[in-house]
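# Fold and contact review
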Amino acid sequence: MTPTVTPYRPSERVGRDGFLQVLHAEWTKFRTVRGWTVGMMAAALMVVLFALLVGVSSNQKGSPPVPIGPGGEPVTDSFYFVHQPLAGDGSITVSVSALKSSIPKAPGDLRPGTVPWAKAGLIIKDGTRQGSPYAAIMATGSHGVRMQDNYVNDTAGPTGPASAESPRRLRLDRSGDTITGYASTDGTKWTKVGTTQVSGLGSTAQVGLFVASPPAVGGGGTAGSVSTATFGDLRTQGGWAGGNWTGSQVGAKSPTFAGYPENAPGSFTGSDARFTVTGAGDIAPAVSDSLPTGGHLRNILTGTFAALIAVIVVGALFITAEYRNKMIHLTLAASPRRSRVLVAKAIVLWAVTFVAGSVGAILATPLGLGLARGNGVYIFPVTSSTELRVELGTAALLATASVLALSVGAIFRHSAGAVTTAIVAIVLPYILIAIPFMPASVSKGVATVTPGAAFAVQQTLVPYDQVASNYTPYYGYYPLAPWAGFAVLAGYAVASLAVAAVLLNRRDA
Amino acid sequence: MYKNQHETTPNRKLTPMSAAEIVVAGLRKRYGATRALDGMSFTVRPGLVTGFLGPNGAGKSTTMRVILGLDAVDAGTALIEGKPYHSLRHPLNHVGSLLDAAALHPSRSARDHLLWLAHSQGLAARRVNQVIEQVGLTSAARRKAGGYSLGMRQRLGIAAALLGDPPIIMLDEPFNGMDPDGIIWMRGFLRSLAAQGRAVLVSSHLMSEVQDTADHLVVVGRGKAIADAGVADLIAAASGNRVALRTTAGTHAMRVLGHAGAAVAATGRDTITVSGLPADRIVTLLNQSAVPFSEVSAHRATLEDVYLELTRDAVEFRAATQSEVSR
Ligand SMILES: Nc1ncnc2c1ncn2[C@@H]1O[C@H](COP(=O)(O)OP(=O)(O)OP(=O)(O)O)[C@@H](O)[C@H]1O
Ligand SMILES: [Mg+2]
């Protein structure tokens, strides 16, 4: 019965069934479905279009210029200043025996309260121009004595609040560009708090007492506060011209602009050695709260969320389409090592999305920034390396999100379920973060544990310890560092890819 | 040839000419409560077109998926050239298959569909053009496969099966959706593949589709092989060397032949069927006893008879479930 045939033997094949071949096949699959390549281009286009839209639609023309500190960063610089010129070197000593703050409960209803970063002390400054160089030593509401200079630098001195029983004695010395701050609790034993070089003070600087009172932070917003300090034992040495002390409001022209509550303008009384000074505002780097009209890179890349939806759909379809039309049978018959197929798909998808996302973000950023700046919008400055991190981070965010969608697609084997799940996992956190009245704990939690943590790659704002503010994702401050946030998303993607690989190997095709 | 170095089984060395390309042994598979395979065993040999026949739901497609390593079995083995499918390097060089002609992305062109498959096996684009020409799709190769007719998709699926120039070709219902010209083309094509020494396994639930093409038949029902034999052997077995006799003297003839040791049965008013004696001996005996008769012929069953007979159980099972559904 057995026929005597020669079994067919194909011509000799040399070659290995390398992973590269699976990768090549998946790349060919991807590039030959028009809808998928179009989807990727659409994602890149979304990023660019939204950037143009944000740039064109913004209009801040005519808004007051943002004060810029010596380091180039935006600052807040408004406070009540009681000053005299000091030519050349010299020193000034004072005691602070009270620092009382008031916070409005309702309009016109001021109540005593604690403003942790209320400041009262000595300052040496290059005039009253906002953003000019300075160094200061001060008592604060609840952070003890501090020495600060040029807005961003902050050094802690003796702790504890100033009071009549325990006044804080402060001293500031100028010697050339070197400013040294001292503090004492008894007036005899002085400790050096800090020494700093402040260039640009000029030969004659304005030196004297100051009171600042930053807005009280609470309930997701801020309220302008006002503080009053009692100074005594004012003594000066060195190149003082002598004469009367001048009281100036540094910064905004009107008290409301300066952050004063209603009917509580800045003022000073007294002479010789005793003064009572009332002030508001802050001398500090600007944050989102204190510069609400300032834009940042994240705003320019608003299109990320639309691009996310596109890449999630493409990512899910890259595998679920094979299940829908049963082409998965052919795929797995051609490559029986199933995990390789999944990994090859993930690599192709990640690479394609990353390229599309990079192109989109790298085109969008300068276009959007240019248009926005042209419309008078102040953009928080970033270094070019930070800008690149935001652009590539956004591309990596999109790429990893599409791989997450692919993995979920491989688990569900169904487009609608996979797309919905991936969107809930990534886009929903994005929306939750964008809701202003979301409690800080919730939005920080969302930005820590969900795949949405990866939006931290778009963070360009820096929180400062010496500025109390709403450091929440809504305002552009993420609880995780940029790449740590990205790692959370990457973790989800890798974990779901592993689950998908296990299921792919275990289940019938 | 690396194939011979690494993949030759001891069996092939001993009997190179009769080595089975596919050996399926004792496959069992359940899908929930459905017993899809229930001890499926058969072999597919080179140089033959093996028809894989059985009613709907008999387990043909499931068996093919198991052979390709797509579905896991509860018991049993399916070996390709003596090896499990998943251990094959470049599997499409060993087995070319068509499970479902609709298994393609509708917006990909036929050429691109074959191209990714070729790339997965490290094959050059040149090979894609060859198989497209072989199945006669050259003029439509750059069109979206989603716009193809079922017959064109079958051809595309066959091109995919041929891509790796494999010694084994396995096609699930390739005649589906083909016009008469296509069916004739397909038959010739399958025969030529077998003539090249390839093992060809073709499933169908219609005997008429494979009867002129297949050399060998594996008839399945309810998840197992009911018959696994050459076409000629199957017909002979069903015919059982019986002789049909037409005579007006039935009683006399039965007595004479019964004495000579034959089993005799009346099958009609003037026809009887004799088994156990060759036709020439019957004629001699009847002449010796002067029994009149008008016709002696070998009783010959048709393949259709064989098939219907073999699958009656399975078809009954199917009819029962159908009537349940329609109730
Ligand atoms: N993936 C699956 N899930 C559940 N049941 C299945 C699955 N695949 C097959 N079956 C069942 O297994 C049995 C065998 O099906 P199979 O498709 O192998 O039959 P077939 O011989 O190819 O039939 P047809 O001629 O209709 O194609 C059927 O009862 C079918 O319903
Ligand atoms: Mg079938």
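Residues numbered from 1 in each chain as written. Chains lettered and ligands numbered in written order. Predicted model: local features only at pLDDT ≥ 70, side-chain atom pairs only at ≥ 80, totals over all residues. Heavy atoms only, no water.

### Some remarks on the overall build of chain B
For chain B, the helix and strand inventory stands at 13 helices and 14 strands. Relative to its 327 residues, chain B shows a buried fraction of 51%. For chain B, the proportion of contacts with a sequence separation of at least 24, taken over those separated by at least 6, is 68%. Carbon and sulfur atoms provide 52% of the accessible area of chain B, an area that totals close to 14,100 Å². (Helix = DSSP H or I, 4+ residues; strand = E, 2+ residues; numbered from the N terminus. Buried < 20%, exposed > 50% of the residue type's maximum accessible area, 1.4 Å probe, protein only. Contact = heavy atoms within 4.5 Å. Areas by Shrake-Rupley, 256 points an atom, 1.4 Å probe, with all protein chains shown as cover.)

### Description of the site of ligand 1
Residue and element names in this part refer to chain B. Taken together, 14 residues form the shell around ligand 1, and within it Asn 56, Gly 57, Lys 60, Ser 61 and Thr 62 come nearest. A distance of 3.2 Å separates an oxygen atom of ligand 1 from a polar atom in the backbone of Ala 58. Take Arg 65: an N or O atom from its side chain is 3.1 Å from a nitrogen atom of ligand 1. Considering ligand 1 on its own, with 630 Å² of exposed area, one finds that the protein chains cover 63% of that surface. Ranked by residue count, the leading element in the shell around ligand 1 is helix H3 (residues 60-67), at four residues. Residues of the shell around ligand 1, tallied by class, amount to four nonpolar, seven polar and three charged. (Near = heavy atom within 4 Å. Polar contact = N/O pair within 3.5 Å; in protein donor to acceptor, adjacent residues only side chain to side chain. Nonpolar A, V, L, I, M, F, W, Y, C, P; charged D, E, K, R; others polar.)

### A look at the sheet that holds strand S1 (residues 22-31) of chain B
All names here are of chain B. Read across the sheet, four strands follow the order S2-S1-S4-S5 without closing on themselves; strand pairing throughout is antiparallel. Two strands bound the open sheet, and with one partner strand each, they are strand S2 (34-44) and strand S5 (83-84). As defined by bridge partners, strand S4 (residues 75-80) adjoins S5 across two bridges and the pair is classed as antiparallel. Across the sheet, the residue bridging to Leu 79 is Pro 84, located in S5. Contacts between H3 and the sheet are confined to S1, S2 and S4, with S1 contributing the most and set at about 115 degrees to the helix. (Pairing = 2+ DSSP bridges. Axes fitted to C-alpha atoms, helices over the stretch in contact; angles between N-to-C directions.)

### Focus: the nonpolar core
Core analysis: the largest hydrophobic core is formed by 159 residues, its most contacted members being Phe 30 of chain A together with Leu 190 and Leu 217 of chain B. Setting aside residues up to four positions removed in sequence, Phe 30 of chain A forms contacts with Trp 36, Thr 37, Met 40, Val 314, Phe 318, Val 348, Leu 349 and Val 352 of chain A. Within the second largest apolar cluster, 36 residues are counted, among which are Ala 139, Leu 209, Val 211 and Phe 275 of chain A. (Core = buried A, V, L, I, M, F, W, Y, C linked by side-chain atoms within 4.5 Å.)

### Quick look at the packing of helix H5 (residues 327-334) of chain A against helix H4 (residues 110-120) of chain B
Axis angle and axis distance: for two packed helices, these are the angle between their axes and the distance between the axes, and together they describe the pair. With their axes 9 Å apart at the nearest point, H5 of chain A and H4 of chain B run at an angle of 25 degrees to one another. Taken as axis vectors, H5 of chain A and H4 of chain B run roughly parallel relative to one another. For the element pair H5 of chain A and H4 of chain B, the recorded crossing hand is right-handed. Note on element contacts: H4 of chain B touches H5 of chain A through His 113, Trp 116, Leu 117 and Ser 120 of chain B, opposite Met 327, Leu 330, Thr 331 and Ala 334 of chain A. Here the contact of H5 of chain A with H4 of chain B is built from residues that sort into five nonpolar, three polar and no charged. (Parallel < 35°, antiparallel > 145°, perpendicular 65-115°, else oblique. Left-handed = near helix turned anticlockwise from the far one by under 90°.)

### Notes on the interface of chain B and chain A
When the parts of a complex come together, some accessible area is lost, and that lost area is often taken as the interface size. At the junction of the two partners, chain B supplies 53 residues and chain A supplies 39 residues. Taking both partners together, chain B and chain A bury about 4,200 Å²; carbon and sulfur atoms supply 59% of that area. At the junction of chain B and chain A, the tally comes to two salt bridges. For Asp 508 of chain A, the salt bridge identified is with Lys 29 of chain B, shortest N-O distance 2.6 Å. On the surface where chain B and chain A come into contact, there are 13 residue pairs in polar contact (both at pLDDT 80 or more). Breaking the side of chain B that touches chain A down by element, the ones donating at least two residues are helix H1 (2-7), S1 and H4 of chain B. Of the residues belonging to the side of chain B that touches chain A, the class tally is 23 nonpolar, 16 polar and 14 charged. (Buried area = accessible area lost by both parts, 1.4 Å probe. Salt bridge = Lys/Arg side-chain N within 4 Å of Asp/Glu carboxyl O.)

### Things to note about helix H7 (residues 180-195) of chain B
Owing to its 3.6 residues per turn, the α-helix aligns residues three or four sequence positions apart on the same side. Residue and element names in this part refer to chain B. For H7, spanning 16 residues, the distance from its first C-alpha to its last is 23 Å, which sits close to the expected 22 Å at 1.5 Å a residue. Within H7 the residues assigned to the buried category are Gly 182, Ile 183, Met 186, Phe 189, Leu 190, Leu 193 and Ala 194. All buried residues of H7 lie within an arc of 130 degrees about the axis, which places them on one face of the element. The exposed set on the far side of H7, more than 90 degrees from its buried face, consists of Pro 180, Asp 181, Ile 184 and Ala 195. Check the buried side of H7 and you find it contacts strand S3 (49-53), helix H5 (125-134), helix H6 (150-162), strand S7 (168-172) and strand S8 (199-204). (Expected span 1.5 Å × (residues − 1). Arc of directions from axis to C-beta.)

### Remarks on the packing of helix H2 (residues 34-57) of chain A against helix H4 (residues 304-324) of chain A
Residues and elements named next belong to chain A. The geometry of H2 relative to H4 is characterised by a closest axis approach of 8 Å and an angle of 170 degrees between their N-to-C directions. Taken as axis vectors, H2 and H4 run roughly antiparallel relative to one another. Between H2, through Trp 36, Gly 39, Met 40, Ala 43, Met 46, Val 47 and Phe 50, and H4, the contact on the second element is made entirely by Thr 304, Phe 305, Ala 306, Ala 307, Ala 310, Val 311, Val 314, Leu 317, Phe 318 and Ala 321. Among the residues forming the contact of H2 with H4, the class breakdown is 15 nonpolar, two polar and no charged.

### Describing helix H6 (residues 338-374) of chain A
Residues and elements named next belong to chain A. Between the first and last C-alpha of H6 there are 53 Å, a value that for 37 residues agrees with the 54 Å anticipated at 1.5 Å per step. A bend of about 25 degrees at Ala 364 is the largest found in H6, and the proline Pro 366 appears one to four places after it. Looking at the residues trailing H6, positive phi occurs at Gly 376, about 85 degrees. (Bend = angle between axes of the 7 residues up to and from the residue.)

### Thoughts on the domain arrangement of chain A
Residue and element names in this part refer to chain A. According to the domain assignment, chain A consists of domain 1 (16-60 + 293-506) and domain 2 (75-288). Summed over both partners, the interface of domain 1 with domain 2 buries about 1,200 Å², with 60% contributed by carbon and sulfur atoms. On the domain 1 side of the interface with domain 2, the three residues burying the most area are Tyr 464, Gln 466 and Asn 470, jointly 46% of the side's total. Counting every contact that joins domain 1 to domain 2 gives zero salt bridges. Where domain 1 meets domain 2, there are three residue pairs in polar contact (both at pLDDT 80 or more). Grouping the amino acids of the side of domain 1 that touches domain 2 by side-chain chemistry returns eight nonpolar, three polar and one charged. (Domains from an automatic or database assignment.)

### As for the packing of aromatic side chains
This structure, assessed with the given rule, holds 20 aromatic pairs over all chains. With a centroid separation of 4.7 Å and 75 degrees between ring planes, the pair formed by Tyr 471 of chain A and Tyr 477 of chain A is classed as edge-to-face. A single burial state applies to Tyr 471 of chain A and to Tyr 477 of chain A, both of which are buried. Relative to Phe 52 of chain B, the ring of Phe 42 of chain B lies with its centre 4.9 Å away and its plane at 45 degrees, an arrangement referred to as tilted. Pair noted here: Phe 42 of chain B is in strand S2 and Phe 52 of chain B is in strand S3, with a separation of ten residues, a long-range link. Given the relative accessible area of 2%, Phe 42 of chain B is considered buried. Judged by relative accessible area, which is 0%, Phe 52 of chain B ranks as buried. Connected via pairs of aromatic rings, a cluster forms that spans Tyr 80, Trp 240, Trp 245, Phe 268 and Phe 275 of chain A. When the ring centre of Tyr 182 of chain A is taken as reference, the NZ or CZ atom of Arg 171 of chain A above it lies at 4.8 Å. Here the basic side chain of Lys 345 of chain A rests over the ring of Phe 318 of chain A, its NZ or CZ set 4.2 Å away from the ring centre. (Phe/Tyr/Trp six-rings, centres within 6.5 Å; stacked < 30°, edge-to-face > 60°. Lys NZ or Arg CZ within 6 Å of the ring centre and 35° of its normal.)

### Quick word on the domain arrangement of chain B
Domain annotation of chain B identifies domain 1 (17-227) and domain 2 (241-298). The distance between the C-alpha centroids of domain 1 of chain B and domain 2 of chain B comes to 48 Å.

### Here we look at the sheet that holds strand S13 (residues 271-275) of chain B
Residues and elements named next belong to chain B. Strand order in the open sheet formed by four strands is S12-S13-S11-S14, with antiparallel pairing between adjacent strands. Unpaired on one side and paired on the other, strand S12 (263-266) and strand S14 (295-298) mark the two borders of the sheet. Strand-to-strand twist of the sheet, defined as the mean angle between neighbouring strand axes without regard to direction, takes the value 20 degrees. Inspection of the sheet shows S12 paired to S13 by four bridges, in the antiparallel sense. Among the inter-strand pairings, Ala 266 is bridged to a residue of S13, identified as Ile 272. Relative to S12, helix H10 (residues 250-259) is tilted by about 165 degrees, and along the sheet it contacts strand S11 (243-246), S12 and S13.

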